[in-house]
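Each chain, written out:
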2 protein chains.
Amino acid sequence: MSRLSFNQITSGHASLAEAVNACVKHGVEWIAPWRHKLSAKPAEDARLIREAGLKISSLCRGGMFPAATAAERSERIDDNRRAIEEAATLGAPVLVLVCGPAPDRDLDGARRMVEDGIAILAPIARSAGVQLGIEPLHPMFAASRSVVVTLEQSLKMAEPFGPEVGVVIDAYHVWWDPNLYSLIERARGRIAGFHVSDWIPLLADPLMSRGMMGDGSIELRRIRAAVDSAGYTGPIEVEIFNESLWRKPAEDTVRLCAARFEERVL
Amino acid sequence: MSRLSFNQITSGHASLAEAVNACVKHGVEWIAPWRHKLSAKPAEDARLIREAGLKISSLCRGGMFPAATAAERSERIDDNRRAIEEAATLGAPVLVLVCGPAPDRDLDGARRMVEDGIAILAPIARSAGVQLGIEPLHPMFAASRSVVVTLEQSLKMAEPFGPEVGVVIDAYHVWWDPNLYSLIERARGRIAGFHVSDWIPLLADPLMSRGMMGDGSIELRRIRAAVDSAGYTGPIEVEIFNESLWRKPAEDTVRLCAARFEERVL
């Protein structure tokens, strides 16, 4: 249980302080804050988390590289520089990258924009002591959130770099992949994070359709064991976008996450 | 335009006769009937289609192999035998296979059930002069409709067999794949069908969320050119599950399909 990390989006309506308190109450040792939940002073957020005795597994999120014009792409890079600074200030070891959709129908062009963006950010991240974690999203988000949609693709993007660029494996996004287990092994040494939730039937908004571990179709224990076998010993984030879960008090959500983590993931 | 085939599900509420008449009126030369739209006498359906001057590109669909018990799996095989017979009676050169979801969380086990089913059916299909077309579905259907979710995976399943087992490439299901163009080239000689529609934002029912060509995110012309380059010269089916499209008269739908096919696919 010492590896369980509460990704803050799992209580999407709670403040950072509420999420921190819920973790403390239920013995969860790690938290993954989201940038839009931070205050204007990340150093104070860092103190709030540290003084509660929690460790930070990652900061969500940077990325969103592709854009129609060079000026827009440059603005996205600037925002990612700020995200790296915030991660460093917080003491978050990893900045999760959700790479963004294409501005048009040219997927390959958008994928080159992602590669260009990561090439610019990698040395900045290295200097800041922050690892970039390229997270492939489920292919159903290819048009809306990320042109990076497979673990193989994220590994190809990370492998030209040193350890400052890794991949984030989210079971929800990759569970369907026929090559999943060989790709997890290939990710040895590059695994910057591991996220769990479950696949339930899609709801009106696919983004908000994730389920609690055990409520859906994913062979979570097998995937967790494969990630372990590939040498990853870090925190495991529970990250669930689901409006009905968000309506619960953060304490109830954290308690349920901890119980299901023990029952269905470990 | 001589390659355009109207997949009957694109007018999901129309009868076979209505769909046939709409094709004749708008100069569409091919049609792909669905089994649940056939009468109890496929020979009469075949005559209806032939006498209208139409050719059949494929019959939709067989598959749905995985099941919890051997008895159920055997029933599914029997149903696929009937589907092959119906395809032969119709003169459909291809039976499209939608391979089915897992009965539990064991994706690999379900995938073996698919392989076992295809191994049983392949010689039956060869004898009947019908090609089996393994259609990978979009990974968002991995839990509900098909454990076969990539073109690579369907090719690996088809390649041990002779030409009696091929793959069906549906742009909607595969457009997101970072390896798409190399996989299309690998499919040379195995392409049993090519389907087009478009990716639009997901609606309440993902199954019913396909868009008309040109209304969404897919680089259709590039994919069509790649399929051509891989040596496929057969009919190209328009296959769109979309309730708002289904509410139109079949004639309007066929006219729109033909126009968009010329504008956005050729």
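So, how was this worked out
- Residues numbered from 1 in each chain as written.
- Chains lettered and ligands numbered in written order.
- Predicted model: local features only at pLDDT ≥ 70, side-chain atom pairs only at ≥ 80, totals over all residues.
- Contact = placed C-beta atoms within 7 Å.
- Nonpolar A, V, L, I, M, F, W, Y, C, P; charged D, E, K, R; others polar.
- Least-squares fit on C-alpha atoms with pLDDT ≥ 70 in both.
- Pairing = 2+ DSSP bridges.
- Helix = DSSP H or I, 4+ residues; strand = E, 2+ residues; numbered from the N terminus.
- Axes fitted to C-alpha atoms, helices over the stretch in contact; angles between N-to-C directions.
- pLDDT = per-residue confidence, 0-100.
- Parallel < 35°, antiparallel > 145°, perpendicular 65-115°, else oblique.
- Left-handed = near helix turned anticlockwise from the far one by under 90°.
- Expected span 1.5 Å × (residues − 1).
- Buried ≥ 20, exposed ≤ 12 C-beta atoms within 10 Å, placed from the backbone.
- Arc of directions from axis to C-beta.

### Focus on the interface of chain B and chain A
Then step 1. Across the contact, 22 residues belong to chain B and 22 residues belong to chain A.
Then step 2. Here the residues of the side of chain B that touches chain A sort into 14 nonpolar, five polar and three charged.

### Here's the deal with the relation of the copies chain B and chain A
Then step 1. Superposition record for chain B on chain A: RMSD 0.0 Å, screw rotation 180°, translation along axis 0.0 Å. On this basis, the relationship between the two copies can be described by a two-fold rotation axis. Among all C-alpha atoms of chain B, that of B:Ala204 lies closest to the rotation axis, at 2.2 Å.

### Some thoughts on the sheet that holds strand E4 (residues 59-63) of chain B
Hydrogen bonds between backbone atoms are what pair the strands of a sheet, whose relative direction is either parallel or antiparallel.
Residue and element names in this part refer to chain B.
Then step 1. One open sheet accounts for nine strands, arranged E3-E2-E1-E11-E8-E7-E6-E5-E4; its pairing is parallel. If you trace the sheet from one side to the other, it starts and ends with strand E3 (55-56) and E4, each paired once.
Then step 2. Across the sheet, helix H5 (residues 151-158) is in contact with strand E6 (131-134) and strand E7 (165-170); its angle to E7 comes to roughly 165°.

### Topic: the sheet that holds strand E5 (residues 94-98) of chain A
Residue and element names in this part refer to chain A.
Then step 1. Spatial ordering of the open sheet is given by E3-E2-E1-E11-E8-E7-E6-E5-E4, a layout of nine strands whose pairing is parallel. Every other strand in the sheet has two partners, leaving strand E3 (55-56) and strand E4 (59-63) as the edge strands with one partner each.
Then step 2. Along the sheet face, helix H3 (residues 70-90) touches E3, E4 and E5 and points at about 160° away from the line of E4.

### A closer look at the confidence of the model for chain A
A low pLDDT means the predicted coordinates there should not be read in detail.
Then step 1. The pLDDT averaged across chain A works out to 97; a share of 100% of its residues lies at or above 70.
Then step 2. Among the prediction metrics, the complex's ipTM stands at 0.96, with pTM recorded as 0.97.

### Some thoughts on the packing of helix H3 (residues 70-90) of chain B against helix H4 (residues 107-128) of chain B
All names here are of chain B.
Then step 1. Contact geometry for H3 and H4: axes closest at 10 Å, N-to-C directions at 30°. On the basis of their axis angle, the class for H3 and H4 is roughly parallel. In this structure, the crossing between H3 and H4 has a hand that is right-handed. Contact residues: Arg73, Arg76, Ile77, Asn80, Arg81, Ile84, Glu85 and Ala88 in H3; Met113, Gly117, Ile120, Leu121, Ile124, Ala125 and Ala128 in H4.
Then step 2. Of the residues in the contact of H3 with H4, the class split is nine nonpolar, two polar and four charged.

### Overview of H3(B)
Residue and element names in this part refer to chain B.
Then step 1. Given a rise of 1.5 Å per residue, 21 residues ought to cover 30 Å, and the 30 Å separating the end C-alpha atoms of H3 matches this to within 8%.
Then step 2. Burial in H3 covers these residues: Asn80, Ala83, Ile84, Glu86, Ala87 and Leu90. Viewed along the axis of H3, the buried residues span an arc of 160°, placing them on a single side of the element. Exposed and facing more than 90 degrees away from the buried side of H3 are Ala70, Ala71, Ser74, Glu75, Asp78 and Arg82.
Then step 3. Where H3 is buried, its residues contact helix H2 (42-51), E3, E4, strand E5 (94-98) and H4.
Then step 4. Downstream of H3 by a residue or two, Gly91 has a phi angle that is positive, lying close to 80°.

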